[in-house]
Amino acid sequence: MRKVSSILGTLIHAAECGRIEILEDALIEASPSGSIADVLTPEDKAYTDRLASAREQKGFLELEDGQYLLPGMIDLHIHAPQWPQLGKALHLPLEQWLQKHTFPLEAKYADLQFAETSYRSLVSTLLANGTTTAVYFGTIHLEATQLLADICLDLGQRAYVGKVAMDNPDQCPEFYRDAGTQKSLEETRAFIDYVRSLNQRGGDLIHPVVTPRFIPSCTDDMLRGLSAIAQEFGCHVQTHCSESDWQHQYVLDRHGKRDTASLDAFGLLTDKTILAHCTLADKGDMALMRKRHASVAHCPLSNYYFSNAVFPARMALDEGVNVGLGTDIAGGPSPSLLNNIAVAVTSSRALEEGVDPSLDGAMRGSSGARIDFREAFWMATAGGAAALDLKAGRFEPGYCFDAFIVDIKSAHSNIVGWPSLDGPEDILQKIIYGAAPDNVTAVWVQGRQVR
Ligand code: GUN
Ligand code: FE
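All of these numbers come straight from a predicted model, not from anything done at the bench.

Visitor: Tell me about the overall build of the protein, residues and numbers included.
Guide: Of regular secondary structure, the protein possesses 15 helices and 17 strands. At 22 Å, the protein has a C-alpha radius of gyration in line with the 22 Å of a compact globule built from 451 residues. If you line up the protein on its principal axes, its C-alpha atoms span 65 × 60 × 40 Å. The burial tally for the protein puts 60% of its 451 residues in the buried class. At a minimum sequence separation of 6, the contacts of the protein that also span at least 24 residues come to 74%. Element-wise, carbon and sulfur atoms account for 49% of the exposed surface of the protein, whose accessible area totals about 17400 Å². Charge separation in the protein, taken as the distance between the mean sites of 39 positive and 57 negative side-chain charges, equals 2 Å.

Visitor: With reference to specific residues and values, describe the packing of helix α3 (residues 112-128) against helix α4 (residues 142-155).
Guide: Their axes nearest at 9 Å, the elements α3 and α4 cross at an angle of 35°. For the pair α3 and α4, the crossing hand works out as right-handed. Mapping the contact onto sequence places L112, A115, E116, Y119, R120, V123, S124 and L127 in α3 and E143, A144, L147, L148, I151, C152, D154 and L155 in α4. Each residue belonging to the contact of α3 with α4 can be placed in one class, and the counts come to 11 nonpolar, one polar and four charged.

Visitor: Can you tell me about the coordination of the iron ion (ligand 2), naming the residues and giving the values?
Guide: Every protein donor of the iron ion (ligand 2) is accounted for by H77 (NE2), H79 (NE2), H240 (NE2) and D328 (OD), and the metal-donor separations fall at 2.0 to 2.2 Å. Of note is the iron ion (ligand 2), whose four donor atoms meet at the metal with angles of 88 to 172° in an arrangement that counts as irregular. Between the donor residues of the iron ion (ligand 2), the gaps in sequence give the motif H-x1-H-x160-H-x87-D. Like H77, the residue H79 is buried in the burial classification.

Visitor: Residues and numbers for the layout of surface pockets, please.
Guide: Quantified by volume, the largest pocket comes out at close to 500 Å³. What lines the largest pocket is a set of 24 residues, among which T10, D65, G66, Y68 and I427 lie closest to the centre. For the lining of the largest pocket, the secondary-structure elements that each account for two or more residues are β1 (6-16), β2 (19-30), β5 (67-71) and α15 (424-434). Here the lining of the largest pocket takes four residues from β1, the largest share from any one element. Taken together, the residues that form the lining of the largest pocket break down as 11 nonpolar, six polar and seven charged.

Visitor: If you had to explain the site of ligand 1 to someone new, which residues and values would you point to?
Guide: Around ligand 1, a shell composed of H79, Q82, L94, W97, L98, R213, F214, H240, E243, H277 and D328 is seen. In the environment of ligand 1, a nitrogen atom lies 3.5 Å from a nitrogen or oxygen atom belonging to the side chain of H240. Starting from 280 Å² of accessible surface for ligand 1 in isolation, the protein chains cover 100%. Counting atoms within 2 Å of the grid points, the majority share of ligand 1 lands in the largest cavity. Its residues placed into classes, the shell around ligand 1 shows four nonpolar, four polar and three charged.

Visitor: I'd like a rundown of empty space enclosed by the protein, residues and numbers included.
Guide: A water-sized probe rolled over the atoms picks out the places where empty space is left. In total, this model carries two cavities of 30 Å³ or more according to the counting rule given. Lining of the largest cavity is provided by 14 residues; of these, L94, W97, L98, H240 and E243 occupy positions nearest its centre. Those elements giving two or more residues to the lining of the largest cavity turn out to be α2 (94-107) and α10 (300-306). Element by element, the count of residues in the lining of the largest cavity is highest for α2, at three residues.

Visitor: Tell me what's going on with a nonpolar patch on the surface, and back it up with residues and numbers.
Guide: On the surface, a nonpolar cluster with roughly 350 Å² of combined accessible area is contributed by V416, W418 and L421. Secondary-structure assignment places V416 in the loop between β15 (403-407) and α15.

Visitor: Quick rundown of the environment of A350? Include the residues and the values.
Guide: By the secondary structure assignment, A350 is in helix α12 (residues 337-353). Counting along the chain gives 240 residues from A350 to A110, while the straight-line C-alpha distance between them is 41 Å. Residues within four places of A350 in sequence aside, it is in contact with Y304 and V355.

Visitor: Kindly report on the pairing of strand β3 (residues 36-40), identifying the contributing residues and their values.
Guide: Here four bridges tie β2 to β3, and the two strands are oriented antiparallel to one another. When the bridges of β3 are listed, A30 appears paired with I36. Between β2 and β3, which follow one another and run antiparallel, lie five residues, and G34 among them has a positive phi close to 95°.

Visitor: Give me the lowdown on the pattern of salt bridges, citing residues and values where you can.
Guide: Enumeration according to the criterion identifies 29 salt bridges in this entry. R189 is the salt-bridge partner of E232, the closest N and O atoms lying 2.8 Å from each other. Here the residue E232 occupies a position in helix α6 (residues 220-233), and R189 occupies one in helix α5 (residues 181-202), the gap between them amounting to 43 residues. The partner of E353 in a salt bridge is R370, and the shortest N-O contact between them spans 3.8 Å. In this pair, E353 sits in helix α12 while R370 sits in the loop between α13 (361-364) and α14 (373-387), placing the two residues 17 residues apart along the sequence. Taken together, the shared-partner salt bridges in this structure form one network comprising K163, D178, K183 and E187.

Visitor: Give a description of the nonpolar core that names residues and reports values.
Guide: Counting residues in each nonpolar core, the largest one holds 99 residues, and the members touching the most others are L70, Y136, I206, I341 and I431. Here the element with the most residues in this core is α4; it accounts for eight residues. Excluding residues that lie within four positions of it along the chain, I341 makes contacts with M73, L325, F373, A376, F377, A380 and I432. Counting 18 residues, the second-largest nonpolar core is a separate cluster that includes I36, A403, I405 and W444.

Visitor: Provide a residue-level description of the environment of A179, including the pertinent values.
Guide: Secondary-structure assignment places A179 in the loop between β9 (164-165) and α5. Its relative accessible area of 74% is what places A179 among the exposed residues. For A179 and D167, which are 12 residues apart along the polypeptide, the C-alpha to C-alpha distance reads 7.3 Å.

What counts, and at which threshold
Residues numbered from 1 in each chain as written. Chains lettered and ligands numbered in written order. Predicted model: local features only at pLDDT ≥ 70, side-chain atom pairs only at ≥ 80, totals over all residues. Heavy atoms only, no water. Helix = DSSP H or I, 4+ residues; strand = E, 2+ residues; numbered from the N terminus. Rg over C-alpha atoms; globule rule 2.2 N^0.38 Å. Buried < 20%, exposed > 50% of the residue type's maximum accessible area, 1.4 Å probe, protein only. Contact = heavy atoms within 4.5 Å. Areas by Shrake-Rupley, 256 points an atom, 1.4 Å probe, with all protein chains shown as cover. Lys, Arg positive; Asp, Glu negative; His and termini not counted. Charge placed at Lys NZ, Arg CZ, Asp CG, Glu CD. Axes fitted to C-alpha atoms, helices over the stretch in contact; angles between N-to-C directions. Left-handed = near helix turned anticlockwise from the far one by under 90°. Nonpolar A, V, L, I, M, F, W, Y, C, P; charged D, E, K, R; others polar. Donors = N, O, S within 2.8 Å, 3.2 Å for Na, K, Ca; no water. Tetrahedral: all angles 85-135°; square planar, octahedral: opposite > 155°, others 65-115°. 1 Å grid on protein atoms, 1.4 Å probe; cavity = no way out; pocket = protein on both sides within 12 Å on 5 of 7 lines; lining within 4 Å. Points joined across faces, edges and corners; volume = space filled by probe spheres on them. Near = heavy atom within 4 Å. Polar contact = N/O pair within 3.5 Å; in protein donor to acceptor, adjacent residues only side chain to side chain. Sits in = over half its atoms within 2 Å of the grid points. Patch = residues over 30% accessible without salt bridge, like charges linked within 9 Å, V, L, I, M, F, W, Y side chains within 5 Å. Salt bridge = Lys/Arg side-chain N within 4 Å of Asp/Glu carboxyl O. Pairing = 2+ DSSP bridges. Core = buried A, V, L, I, M, F, W, Y, C linked by side-chain atoms within 4.5 Å.

Spelled out as C-alpha cells, the structure:
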C-alpha cells in the first residue's frame, strides 16, 4: 500500500464539538509511521519553504478544485456478520428480528468460506465510504472473528473487534449460543491473545473488544467473567444499552435496575465502555455514564426501526456524555456514516418538533432537542475517537493520518458546488447530504492509501 508524505489543499474537520475548522491551501505532512507530523497554513512562517520541499518528495499530493480532505470517519457500532441482510426484515420488532433473521444469519459464520466472502465485501465497502475505523461485533465463533481481524489488517482498516458472548439459554437459541460460559470466556481470552499477536506483525491497527451482546443474552456469570477479563487486559467493552422498550423492560424485570446501573454493578461501565443506542437513557443514566466516562454509540438510522424512540443526543451532549456515531448494520440499513450524520440531525429535529400531527404544535415535541451538522460530524470523527482513546478524527500533529478525499466533481456526483453562493461550511453540509462512494476518491489509514 502506498504511503503519503504530504497533501496540499482544503482540509475540513471538527476541531471541537460544534466547531468546524476549514483550512484552505493547507499543507498536512505525514510522519514515516503514519501520524500527522504537522499542519501548516499560508500564515505560518515556515509554509513556503516546507511546501517547496514537500513538492520534491515522493508521496506528495495536491488536491484539485472541488476536492476536500476530511478526517477518516469512525463507525462506533457495527455488526459485521449482518452485512448480507442489509435492508431486509426491517418491519419486525427487535426481539423478533433477532430470533427470526439475525441469529440464523450469524450462525452461518461457522462456515469460514461464507465469513471470508461476507467480511471482505463489508470491509472494502466501508473503506470506500470513508470509514477508516470500525468497532465491530463479530459472531460467537472464535475462528470467524479472528478472520474478521485478519481481513481488516489485510485491507488496512483500523478495527476494534469482539467475539460476541451470549450464553443465556432463555434468550439464545440452541443453534446460536455459546457452548458454555467457561468455554466462551476462554475463547474471549484466546481472541484477545490472537489479536495481540496480530499486532506484533502488523502494527497497531487491530484491537480486541470484550463483547457481551446485551444483558438479555448473557447470564450473570458471563457478565462477571467478561468484566474481569476486560479489567485484566485493559480492553474496551461494547454492548447494547437501553435500546428498545422490550429490552429495557427485560433488564428491569431481571435485575430490578436500569441498564446502566446493571452494567455498572458488574463492573462493565468504565471509561473503556461503548454503549450502543441508549435510546431510552434518562438524565440519571447520563449522569452515571458521565461519572464513569463511558461513551454512547448513537445509531440514528437503526433507532428509527428498532428503538421505539429517538436518542436524546442534545441531552447527552449537554450532560457531558461523550457520543460517537454507528451504522449498527444491519439494524441500520446503510454502510454510510455521512448518511448517519444526516439522519442524526434529522432525527433530533423529529424529536424536537414531534411527529404526531393530531397533537397541538405546543404539545408535539421536546423543545431544544436538536443537534446540527457540526455536532453530528464531530460525533462521526472526533467523538468516536475519544471513545476509543484514539488520537484520530482531527487534523492535528500527533494524530493518526486517517483521512479521505471527497471530490464533489466526480462523475455522477449529487453534490452541486456553487462557489459564488457557497460559504465555507456550506460545502461540508452539501457533502454530508450528498456524497456517495463515487465522491470518495482516496482513503488513507495510518498514512497508507487503502483506496
Ligand atoms: N441487541 C442485541 N443484539 C442486537 C443486534 O444485533 N442489533 C441491534 N440493533 N440490537 C441488538
Ligand atoms: Fe447493534
